[in-house]
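Chain by chain, the residues run as shown.
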Amino acid sequence: YQSDPFLLSAPQSQFPAMLFSIPVIRSDRFEGMLAIVVNLQFLVERLQSSSIRGLEALIVDRAGRLVLTSNLKDNSIGQDMGASPLVQMFLSKGGAGARAAATSSFDLTEGGKTVAMVGTYCPVQSLGWAVVAQKKRKDAYAAVGEMISATTIWGLMALLTSLALSYFLSLWVVRPIRVLTETSR
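Below: a short report on this structure. (Residues numbered from 1 in each chain as written. Predicted model: local features only at pLDDT ≥ 70, side-chain atom pairs only at ≥ 80, totals over all residues. Heavy atoms only, no water.)

Bringing the overall build of the protein into the picture now. Regarding its fold elements, the protein presents 4 helices and 8 strands. The C-alpha atoms of the protein give 31 Å as radius of gyration, which overshoots the globular expectation for 185 residues (16 Å, by more than 25%). With the C-alpha coordinates of the protein rotated into their principal frame, the extents come out at 120 × 45 × 40 Å. Counting only residues that meet the buried cut, the protein has 25% of its 185 residues in that class. Pairs at least 24 apart in sequence give 36% of the contacts found in the protein among residues at least 6 apart. When the accessible area of the protein is evaluated, it comes to approximately 12,800 Å², of which 60% is carbon and sulfur surface. Where the 17 positive side-chain charges of the protein centre and where its 13 negative ones centre are 10 Å apart. (Helix = DSSP H or I, 4+ residues; strand = E, 2+ residues; numbered from the N terminus. Rg over C-alpha atoms; globule rule 2.2 N^0.38 Å. Buried < 20%, exposed > 50% of the residue type's maximum accessible area, 1.4 Å probe, protein only. Contact = heavy atoms within 4.5 Å. Areas by Shrake-Rupley, 256 points an atom, 1.4 Å probe, with all protein chains shown as cover. Lys, Arg positive; Asp, Glu negative; His and termini not counted. Charge placed at Lys NZ, Arg CZ, Asp CG, Glu CD.)

Here's what the structure looks like:
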């Protein structure tokens, strides 16, 4: 048995957990079971460390429900994430049977506004989950804009430097010829 993730309360804290169990059978008789509760807080911390500079990372199950997110205060485990285009892509590719990651650009409606986004999902086949990461397109491509600006500035500087050097070198080369021409006259 593998449970869905749930919030487990401990004194002064809550953390996500899952229950795994297996029956103990001897001579075709049920003798008991072995069970373990797995604390998933380490996954939440990994998602939090990945969720920087506008990147939102989360994990969904084969039905498109939220398993874990870096922000458990604003989202609840089991919440339907089927409205997300990335989750829809994961589910359309077979959900738990999806074999490959996919990256896509899409539009998301937030607070009545349409926001251009880019994102990806990567299936975790052994659990039937997918890790989903998305970011606003303008934030995702901000580094590209900075590189274009820097390249343009450096290119213009190199062009101006080469033009100035060409001008002064041509004056240096032409000067002896001018002197010779004036002396000849």
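Take the side chain of glutamine 134 next. Note that glutamine 134 resides in strand 8 (residues 129-136). Setting aside residues no more than four positions away along its own chain, glutamine 134 makes contact with Gly54, Leu55, Glu56, Ser84, Leu86, Phe106, Leu108, Met117, Val118 and Gly119.

What follows concerns the pairing of strand 7 (residues 113-124). Side-chain direction in a regular strand flips from residue to residue, so the side chains alternate between the two faces of the sheet. In this structure, strand 6 (residues 102-110) lies alongside strand 7, joined through 9 bridges in antiparallel fashion. Looking at the pairing, aspartate 107 lines up with alanine 116 of strand 7. Adjacent in sequence and paired antiparallel, strand 6 and strand 7 are bridged by 2 residues, among which glycine 111 carries a positive phi angle near 60°. Note: strand 7 against strand 8, 8 bridges, orientation antiparallel. Bridge pairing links valine 118 to lysine 135 in strand 8. (Pairing = 2+ DSSP bridges.)

This part covers the sheet that holds strand 4 (residues 56-60). In spatial order, the strands read 5-4-8-7-6; together these 5 strands make up an open sheet with antiparallel pairing. Here the strands that pair on one side only, and so sit at the sheet edges, are strand 5 (66-69) and strand 6. Neighbour to neighbour, the strand axes of the sheet diverge by 30° on average, direction disregarded. Sheet strands touched by helix 2 (residues 85-92): strand 4, strand 6, strand 7 and strand 8. Its angle to strand 6, the strand with the most contacts, is close to 135°. (Axes fitted to C-alpha atoms, helices over the stretch in contact; angles between N-to-C directions.)

Right, let's talk about the packing of aromatic side chains for a bit. Enumeration according to the criterion identifies 2 aromatic pairs in this entry. Relative to tyrosine 121, the ring of phenylalanine 90 lies with its centre 5.8 Å away and its plane at 65°, an arrangement referred to as edge-to-face. In this pair, phenylalanine 90 is assigned in helix 2 and tyrosine 121 in strand 7, connecting sequence segments 31 residues apart. Given a relative accessible area of 0%, phenylalanine 90 falls into the buried group. A relative accessible area of 1% places tyrosine 121 in the buried class. Their ring planes at 70° and their centres at 5.4 Å tell us that tyrosine 167 and phenylalanine 168 sit as a pair that is edge-to-face. With a relative accessible area of 48%, tyrosine 167 lands in the partly exposed category. Take phenylalanine 168: its relative accessible area is 56%, and that puts it in the exposed class. (Phe/Tyr/Trp six-rings, centres within 6.5 Å; stacked < 30°, edge-to-face > 60°.)

The strands that make up a sheet pair up through hydrogen bonds in the backbone, lying either parallel or antiparallel. The antiparallel open sheet is built from 3 strands, whose spatial order is 1-2-3. Pairing within the sheet leaves two strands with one partner each, and these edge strands are strand 1 (6-10) and strand 3 (29-39). Across the sheet, the mean angle from the axis of one strand to that of its neighbour is 45°, orientation sign disregarded. As paired elements, strand 2 (residues 13-26) and strand 3 share 10 bridges and run antiparallel to each other. Residue pairing for strand 3: proline 23 is matched across the bridge by methionine 33.

Note that every value here comes from positions in space, so none of it alone points to a role or purpose.
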